[in-house]
Amino acid sequence: MSEKYFETIKCDDYEVFNLEFHQARVSKTIGLNLNLQEYVYPISNKLLRCKLIYSEEGVEDVQYFEYEKRSIKTFKLVFDEEIEYSKKYLDRSSIDTLFEKKESADEIMIIKNGLVTDTSIANIAIFDGENWLTPKSPLLYGTTRDRLLKSKDIFEKDISIDMLKNARKIALMNAMVDFDILEDYSFFS
């Protein structure tokens, strides 16, 4: 049985967002050029999270969920030197195990080898006063992150915990929230 993966694709008012970046990640993940346009048909005009499940055999399932953004203001710094999530695996147990350590925080910030990587649901960026910086080595190379790097709206850099704590602002990025700037947030270990 082959490994299963998934893509989270934003659909709103029957429009499908950033499909070319999802298409590129699927191709890179399994080495096949699946035409995702053949599978993604929004079922309503509401804001939907499309979950497309696939493997090396092709697309296995497409599900739609109404999307409601989570409020995230507090982050627990979680340290894990072994975590590996370089592909968007359907089995998220390694991420889920870390998320269980969040205590009273809304979300976790995963630290690997002393550097900031991602949250459990999003890539991150910090604003240093001049530029938006995103980790050079995230756990997952997200589609929104890739798009913003390509357009030079964000830049890659190793981000230390001190840089994170001294950032003027942070932003969460994923297919559903795009580039969500947070100005009121806190961290704890």
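Quick caveat: nothing in here was measured; it's all calculated off a predicted structure. Numbers given to residues run from 1 along each chain, matching the order in which its sequence is written. Local features in this predicted model are restricted to residues of pLDDT 70 or higher, and side-chain atom pairs are both shown and tallied only at a pLDDT of 80 or more, whereas totals for entire chains, interfaces and linings draw on every residue. Hydrogens and waters are ignored; side-chain quantities use all the structure's heavy atoms.

## Quick look at the overall build of the protein chain
Part 1 of the reasoning: Secondary structure summary: the protein chain contains 4 helices and 13 strands in total.
Part 2 of the reasoning: Taken over the C-alpha trace, the protein chain has a radius of gyration of 17 Å; the compact-globule value for 189 residues is 16 Å, and the two agree within 12%.
Part 3 of the reasoning: In terms of its C-alpha atoms, the protein chain occupies a principal-axis envelope of roughly 45 × 35 × 30 Å.
Part 4 of the reasoning: In the protein chain, the share of contacts with a sequence separation of at least 24, taken over all contacts with a separation of at least 6, comes to 60%.
Part 5 of the reasoning: For the area figures, the Shrake-Rupley method with a 1.4 Å probe applies, and any residue is considered shielded solely by the protein chains shown. Within the structure as shown, the protein chain displays about 9,900 Å² of accessible surface, and the carbon and sulfur contribution to it stands at 45%.
Part 6 of the reasoning: Averaged over its 26 positive side-chain charges, the protein chain has a centre that lies 3 Å from the centre of its 35 negative ones. Numbering of helices and strands runs from the N terminus; a helix is a DSSP stretch of H or I covering at least four residues, while a strand is a stretch of E covering at least two. Atoms counted for the radius of gyration: C-alpha only. Globule rule: 2.2 Å times the number of residues to the power 0.38. Contacts were defined at the residue level, with two residues in contact if any of their heavy atoms lie within 4.5 Å. Asp and Glu count as negative and Lys and Arg as positive, but His and the ends of the chain are not part of the count. Each charge is placed at NZ for Lys, CZ for Arg, CG for Asp and CD for Glu.

## Focus on the state of the cysteines
Note: disulfide means a covalent bond formed between the sulfur atoms of two cysteine side chains.
Part 1 of the reasoning: Note that a disulfide, as used here, is simply two cysteine sulfur atoms within 2.5 Å. Summed over the entire model, instances satisfying the criterion amount to 0 disulfides.
Part 2 of the reasoning: Among the cysteines around Cys-11, which has no disulfide bond, Cys-50 carries the closest sulfur, lying 5.0 Å off.
Part 3 of the reasoning: Judged by relative accessible area, Cys-50 falls into the buried class, the value being 0%. Buried means the residue's accessible area, taken with a 1.4 Å probe over protein chains only, is under 20% of the maximum for its type, while exposed means over 50%, and partly exposed covers the values in between.

## Quick word on the nonpolar core
Part 1 of the reasoning: Here, nonpolar core refers to any group of buried Ala, Val, Leu, Ile, Met, Phe, Trp, Tyr and Cys residues whose side-chain atoms link them within 4.5 Å. One finds Ile-9, Leu-36, Val-40, Tyr-85 and Ile-110 to be the most contacted residues of the largest nonpolar core, which totals 26 residues.
Part 2 of the reasoning: Broken down by secondary-structure element, the contributors of at least two residues to this core are strand 1 (5-12), helix 1 (19-30), strand 3 (48-55), helix 2 (93-99) and strand 6 (107-112).
Part 3 of the reasoning: Apart from residues lying up to four places away in sequence, Leu-36 is in contact with Ile-9, Leu-19, His-22, Gln-23, Val-26 and Leu-52.

## Topic: the side chain of Thr-29
Part 1 of the reasoning: Counting through the fold element by element, Thr-29 comes out in helix 1.
Part 2 of the reasoning: Filtering out sequence-adjacent residues up to four positions away, Thr-29 remains in contact with Tyr-5, Tyr-54 and Lys-87.

## Focus: the pattern of salt bridges
Oppositely charged side chains can pair when the atoms bearing their charge come close.
Part 1 of the reasoning: We count a salt bridge whenever a side-chain nitrogen from Lys or Arg sits within 4 Å of a carboxyl oxygen from Asp or Glu. In total, this model carries 10 salt bridges according to the counting rule given.
Part 2 of the reasoning: Between Lys-46 and Glu-66 there is a salt bridge whose closest N-O contact spans 3.3 Å. Taken together, the residues span a long stretch of sequence, with Lys-46 in the loop between helix 1 and strand 3 and Glu-66 in strand 4 (residues 58-66) at a distance of 20 residues.
Part 3 of the reasoning: Overall, Lys-46 belongs to the partly exposed group, its relative accessible area being 42%.
Part 4 of the reasoning: The partner of Asp-146 in a salt bridge is Arg-145, and the shortest N-O contact between them spans 4.0 Å.
Part 5 of the reasoning: In this structure Asp-146 comes out as partly exposed when scored by relative accessible area, which is 30%.

## Re helix 1
Part 1 of the reasoning: In this model, helix 1 (12 residues) spans 17 Å end to end at C-alpha, consistent with the 16 Å of a helix rising 1.5 Å per residue.
Part 2 of the reasoning: Where burial is concerned, most of helix 1 is hidden: 9 out of the 12 residues are buried.
Part 3 of the reasoning: Restricting attention to buried positions, one finds in helix 1 the residues Leu-19, Phe-21, His-22, Gln-23, Arg-25, Val-26, Ser-27, Thr-29 and Ile-30.
Part 4 of the reasoning: Those residues of helix 1 that are buried lie in contact with strand 1, strand 2 (15-16), strand 3 and helix 3 (143-150). Here the expected length of a helix is defined as 1.5 Å per residue gap, with one fewer gap than residues.

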